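Each chain, written out:
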Amino acid sequence: MQRNVLVLDKKLSIGQVGNVAAILMGQLAQITPKLFATKPVIDQDQVRHAGVKYSTVILKGGAGQITNLATALVVHPEMHSVVFTATGQALNDRFANMLR
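Residues numbered from 1 in each chain as written. Predicted model: local features only at pLDDT ≥ 70, side-chain atom pairs only at ≥ 80, totals over all residues. Heavy atoms only, no water.

S.K.: Describe in detail the environment of Thr-56, supporting the description with residues and values.
M.R.: Note on placement: Thr-56 falls in strand 4 (residues 56–61). Thr-56 gets classed as partly exposed once you look at its relative accessible area, which sits at 35%. As a C-alpha pair, Thr-56 and Gln-2 span 54 residues in sequence and 9.5 Å in three-dimensional space. Not counting residues within four places of it along the chain, the set of residues in contact with Thr-56 comprises Asn-4, Leu-6 and Met-25. Only 3.1 Å separates the side chain of Thr-56 from the side chain of Asn-4, close enough to count as a polar contact. (Helix = DSSP H or I, 4+ residues; strand = E, 2+ residues; numbered from the N terminus. Buried < 20%, exposed > 50% of the residue type's maximum accessible area, 1.4 Å probe, protein only. Contact = heavy atoms within 4.5 Å. Polar contact = N/O pair within 3.5 Å; in protein donor to acceptor, adjacent residues only side chain to side chain.)

Rendered as structure tokens:
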């Protein structure tokens, strides 16, 4: 059984939690395209739904715990992991400028 787990800093506000979770899921979907359905999920009213194929759990942890987890996952290539640090959050739309 596959699960998605997002571990977020316990000090984030509710708005930051939503933002960071969306960014992390977007990156995970790019790394692992099978996370989402390949065909649109349309209900009987013709409304399109998110096609997330696996349960997603959001947990909170301290900065040290998150760092330790990210480091531990490096030796498990079967598990995909990605981080989004406070530095990344502070970049806003400036990230594209850094790539030039």
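S.K.: An account of unusual backbone geometry is requested, with residue identities and associated values reported.
M.R.: Its identity as a non-glycine residue notwithstanding, Gln-46 has a phi of 70°, on the positive side. Positionally, Gln-46 belongs in the loop between strand 2 (41–42) and strand 3 (48–49).

S.K.: Can you explain the layout of surface pockets? Please cite residues and give values.
M.R.: Its boundaries defined by the atoms lining it, the largest pocket holds a volume of some 910 Å³. Lining the largest pocket are 31 residues, with Val-5, Val-7, Leu-73, Ser-81 and Val-82 sitting closest to its centre. Going through the elements one at a time, strand 1 (4–9), helix 1 (14–31), helix 2 (63–73) and helix 3 (86–91) are the ones with two or more residues in the lining of the largest pocket. When grouped by side-chain class, the residues that make up the lining of the largest pocket number 19 nonpolar, eight polar and four charged. (1 Å grid on protein atoms, 1.4 Å probe; cavity = no way out; pocket = protein on both sides within 12 Å on 5 of 7 lines; lining within 4 Å. Points joined across faces, edges and corners; volume = space filled by probe spheres on them. Nonpolar A, V, L, I, M, F, W, Y, C, P; charged D, E, K, R; others polar.)

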